[in-house]
Each structure stands twice: as structure tokens, then as C-alpha cells.
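For reference, the chains in residue letters:
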Amino acid sequence: MKQHICLKKRILSETAGAVLRALVFTLAAVLLSPALRLSVHAKNLVIVIDPGHGGENEGAIYDGYTEKEMTLIVARAMKEELEKCEGVEVWLTRESDVDMKIIDRAAFAAQKNADFLFCLHFNTSENRNYYGAEVWVPSKGEYYARGYSFAQLEMQELTGLGLYSRGIKTRLDKLGNDYYGILRYCSREGVPSALIEHCHLDHEKDKPFYQQSQEQLREFGRLDARAAARYFGLSSDFPEMDFGGYGAPQTDVPAQSVKPDRTPPQLCRIKSAQVSEETGEITVCVEAQDAESYILYYGYSLDGGETYSPLEEWPRPQAWNQSAKEHTFTITAPFDRELQLCVKVFNGFDLDTRSETLSIPSIPDPERIRRQEQSDREKALQEAQKGYREIHYGDELQKAEDDFLSLSGLNTGQLGAAIGLILLLILVLSFVMARMIFLLIKPLSTKLLRAKGNKKQ
Ligand SMILES: [Zn+2]
């Protein structure tokens, strides 16, 4: 009996120990987990996916692509992927092409007791000049911290795919509340949330990420699911995913709401511009800075700011939210035109600052110079040919003379000697003839004189 009591005591103390251990374990899980709700109902994580737009609210339309259709494809793939994980319940705010008020989407998430709402979108820009992915997060407290922690993983996935990171940001309305209704209402309903703008539909740089096949949209969904799985430390057998021991990045809970950068970059200056006369290339070194955010894009103008080049990525080698102070790039400038060079830089919130304008003297076109030289050479050659022909025809007489000489087998010296000889011969002959005439005339004249003398006598 005594032994029985002891056994009972032991069982009781062991049970108490087990209960205590379970309590300690649960408490530790609650304290250590990045997602509070997840640990509360560890076996039943609830994820709500919100495919942006629907019904009459079509969202962005570009090149035959409609945002409301795209977000639904991505959402379905994300759901399918997440449902493969253990202990996860996944809901879509809309299963078909229906319009749904934003406030109702947040209410739906709250009704499902969601641990997170992921809102899916695709972007376009007014001037069709922006590209890349961005994640918008709630601006306040715990909702900011959770949104930001998830957004870092999401951005890792998107940039891993090759997209340019426009950043993780907050946006406020005039009253200082979250600008995006879905984030504002979700926070009000007690549901952490994030809004993913996967890429820009209207930019050449982003088209390869969604225009090749519909499979790319499903890939976006799988990618979103992977980011969520990493955030919640989920695992699945197929596809083999194990983020069980994965520590999601921790974000400090901000004391005040996190405000967006509302001022343009403080600095944008052309440090140097070196011109290559041979290639017409201008190597430009620009200094730019934005203390509140980071430099995202740059573009240059050669006509004093009338028109700009497509925007290029400004380097951020340290971290996505820290831009380099300086960037050097090369422009292939048009020849034979005086240029008015200026540069524009954009910060993470699409606010821009323009540099001073630099006058660059016209760079002579080497090709034009080459053509000119060739044309000059051709002209000179033509002149020379013309001159040659003139000389050639002027020589016709000489040629006839030469022909005669060659025919007679004499050269100029020999001809001179021959002519001299002939002249001498003529002279001698003339003398002989004159002498003969004299001799002939002399007796005749003597006779005549004599006859004259006789007559006188
Ligand atoms: Zn949208």
C-alpha cells in the first residue's frame, strides 16, 4: 500500500514535471518565435493571400496583360505551394474574377484569424521609366517589424530571380496613416501584412520576368510561398523544403511610425566628364547622395534636360538601402554636336535631383573626317589624272618626233650633227655654185668691156 502511494506520488510528480516542461517549452516558443500568432496556434498557421484587384477593378493593363488576372494566377500557385507545408491553412480573399472592397479583404483575413496577409500586385509607372520590385509594409509598431522582416526575405527571392530591388518602404496619407488601404485595414484588424509589387509590366527590363510564359507567374507564386515559408520556418516533403530551423530576420519595433523619404536627393553633381576624341565616348563621374533613403536610378541628358536616357541602376554595393557615393559611367555621344550634359538621380521614393549642366564642345566625327579625307584624295587623284592627260596629249608632237627618230634610227645628237652637216654641205655647194657662176660670167664681161672700148676708139 505504502509502495502504491509512493508510485502514485511519483506518477503525480512526473506528470507535474511534464506539464511544467510543456509550459516552459510553449513559453520559450512564444518568446523566441518571430511570429507571435504562429506560436499561439503552432499546429494551425493561417495564411491569407490577397490577389490584388478583380472584377471591374482590373488594375494595370499593359501589352495584353491584365493585373487582376496575373495576381490570381500567382496567388493560386502560392496557395498550392504553401498547402504542401505541414500545419498550414491557406485562404484566398477572392477565388475568381470578382471585385472586392479592400476593407472586406482585411475583414476576411481577420475572420479567418490570419497570421499574415500577403497582398499581391504588379506595377506600372506614369512615365513608363521605372522598373524593379518593391514591398510596401505597414508603418507602425509590430506591424512594421513583421512586414519588414518578411519583406527582406521576399526581396531576397525577387532579386535572386534577377529583378532590381526598389526597396522595402512605407507610404503615408495626409493624415499620417498607411496610404495603402489593405495595410491600413489589416493593421486595424490585428493582421500583419505586406504588399508585394512583383515587377513593372511596362518596362523592357522587367518584361523577361513575366512575358515568356504563364509559368513565370506561377514561379512568382512559388517564390512568394518560399519567402513566407522561410519567414514562418515551415517545412514540406514535396517540394523538399525545410525552414524549420530558419531564423527569420528580426526587426526592431519602431517607437513611432516609420515615415517615407519625402525630400529629393541632397546631392547630384558631375565630378568629371572626360571625352575621347576617337570613340566619342564621354566618361562621366557623378556624385550623389540621399541621407534619408538611397539613390536608386540615374539618367543623363545631352540636351540640357529636355530629354533623358532610360534610367539605369545606381550601384548599392553595401546593402540595398545604402547607395554608393560615386558612380562612373560611359556615354556614347553624337558627333559634330555641342552637348549640354546633365544628370538626374532618383531616390528610393522616386524623387529626383538634377545636376548642373556642363557644356561639351562638339566632337568631330572621325568617320566624317575619314570620308572627307578619302574624298579629298579622290579629288587630288582626278586632278592628277587630268594633268597627266594634258601632259600626255602635249607630248604627242614629241612622240611623233621620237617615232621619227626611232624609225630613222637616230637620236637627237645624231640628228643635230646630220642637220649641221647638211647645212655645211649646202653652204659649200652654194659657194661652189657662186664661184662657177662668177667664172662663167667673167670672160663674158671682159668681152663686153673690150667691145665697148673698141666702139669708143
Ligand atoms: Zn495593383
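What counts, and at which threshold
- Residues numbered from 1 in each chain as written.
- Predicted model: local features only at pLDDT ≥ 70, side-chain atom pairs only at ≥ 80, totals over all residues.
- Helix = DSSP H or I, 4+ residues; strand = E, 2+ residues; numbered from the N terminus.
- Buried ≥ 20, exposed ≤ 12 C-beta atoms within 10 Å, placed from the backbone.
- Axes fitted to C-alpha atoms, helices over the stretch in contact; angles between N-to-C directions.
- Parallel < 35°, antiparallel > 145°, perpendicular 65-115°, else oblique.
- Left-handed = near helix turned anticlockwise from the far one by under 90°.
- Contact = placed C-beta atoms within 7 Å.
- Nonpolar A, V, L, I, M, F, W, Y, C, P; charged D, E, K, R; others polar.
- Pairing = 2+ DSSP bridges.
- Arc of directions from axis to C-beta.
- pLDDT = per-residue confidence, 0-100.

1. Focus on the overall build of the protein
What the protein contains, in helices and strands, is 10 helices and 18 strands. The buried share of the protein, reckoned over its 457 residues, is 32%.

2. Focus on the packing of helix 3 (residues 67-82) against helix 7 (residues 215-232)
At a minimum axis separation of 7 Å, helix 3 and helix 7 run at an interaxial angle of 45°. One way to sum up the angle between helix 3 and helix 7 is to call them oblique. Here helix 3 and helix 7 pass one another in a crossing that is right-handed. Contacts from Met70, Ile73, Val74, Ala75, Arg76, Ala77, Met78, Glu81 and Leu82 of helix 3 reach helix 7 at Leu217, Arg218, Phe220, Gly221, Arg222, Asp224, Ala225, Ala228 and Ala229. The residue inventory of the contact of helix 3 with helix 7, partitioned by class, reads 12 nonpolar, one polar and five charged.

3. Re unusual backbone geometry
Most peptide bonds take the trans form, and the phi angle of most residues other than glycine is negative. If you check the backbone angles, His53 has positive phi at about 65° while not being a glycine. One can find His53 in the loop between strand 1 (45-51) and strand 2 (61-62). Positioned with a positive phi, Asp350 is a non-glycine residue whose angle comes to about 65°. Here Asp350 is to be found in the loop between strand 16 (339-347) and strand 17 (352-354).

4. Some words on the sheet that holds strand 15 (residues 326-332)
Ordered by their spatial adjacency, three strands build an open sheet running 11-12-15, and the pairing between neighbours is antiparallel. Lying at the two open borders of the sheet, with one neighbouring strand each, are strand 11 (267-275) and strand 15. The sheet shows a mean angle of 25° between the axes of neighbouring strands, taken without regard to direction.

5. Focus: the environment of Ser323
Here Ser323 lies in the loop between strand 14 (312-313) and strand 15. Separated by 25 residues in the primary sequence, Ser323 and Gly348 have C-alpha atoms spaced 9.9 Å apart. Ignoring sequence-local partners within four residues, the contact set of Ser323 consists of Tyr294, Ile295, Trp314 and Arg316.

6. A word on the environment of Lys259
With respect to the secondary-structure elements, Lys259 resides in the loop between strand 10 (241-242) and strand 11. Sequence separation between Lys259 and Lys169 is 90 residues; the distance between their C-alpha atoms is 8.8 Å. The residues contacting Lys259, other than those within four sequence positions of it, are Thr170 and Leu172.

7. Looking at the environment of Tyr308
Mapped onto the secondary structure, Tyr308 falls in the loop between strand 13 (295-301) and strand 14. Taking the number of C-beta atoms within 10 Å as the measure of exposure, Tyr308 has 19 and is therefore partly exposed. Each C-alpha atom of the pair Tyr308 and Tyr298 lies 9.6 Å from the other, and the pair is 10 residues apart in sequence. Filtering out sequence-adjacent residues up to four positions away, Tyr308 remains in contact with Gly299, Tyr300, Ser301 and Lys344.

8. As for the sheet that holds strand 7 (residues 165-169)
Spatially, six strands are ordered 4-1-5-8-6-7 in an open sheet, and the strand pairing comes out mixed. Of all the strands in the sheet, just strand 4 (88-92) and strand 7 have a single pairing partner and so form its edges. Across this sheet, the average inter-strand angle for adjacent strands is 15°, counted without regard to direction. One ladder, built from three bridges, connects strand 6 (residues 133-136) with strand 8 (residues 193-200); its direction is antiparallel. Within strand 8, the residue paired with Trp136 across the bridge is Leu195.

9. Re helix 4 (residues 102-111)
Among all positions of helix 4, only Arg105, Ala106, Phe108 and Ala109 are buried. Taken end-on, helix 4 shows its buried residues confined to a sector of 155°, consistent with a single buried face. Contacts made by the buried residues of helix 4 are with strand 1, strand 5 (116-123) and helix 6 (181-189).

10. Comments concerning the pairing of strand 13
The element strand 13 is extensively covered by neighbouring structure, given that five of its seven residues are classed as buried. For strand 13 and strand 16, the ladder comprises six bridges, and the chain directions are antiparallel. Looking at the pairing, Gly299 lines up with Lys344 of strand 16. Across two bridges, the pairing between strand 13 and strand 14 is antiparallel. If you follow Tyr298 over to strand 14, its bridge partner there is Glu312.

11. Some words on the packing of helix 5 (residues 141-161) against helix 7
At a closest axis distance of 9 Å, the pairing of helix 5 and helix 7 adopts a crossing angle of 140°. Between helix 5 and helix 7, the angle is such that the two are oblique. Crossing angle aside, the handedness with which helix 5 passes helix 7 is right-handed. Residues Ser149, Phe150, Leu153, Glu154, Glu157, Leu158 and Leu161 of helix 5 form the contact with helix 7, whose own contacting residues are Leu223, Asp224, Arg226, Ala227, Arg230 and Tyr231.

12. Description of the confidence of the model for the protein
When pLDDT is averaged across the protein, the result is 87; 82% of the residues are at 70 or more. Across residues 1-12 the pLDDT falls below 50, and counting only partners more than four positions away or on other chains, this stretch makes zero contacts in the model. Per-residue pLDDT stays below 50 along residues 22-42; that stretch engages in 14 contacts with residues further than four places along the chain or on separate chains.

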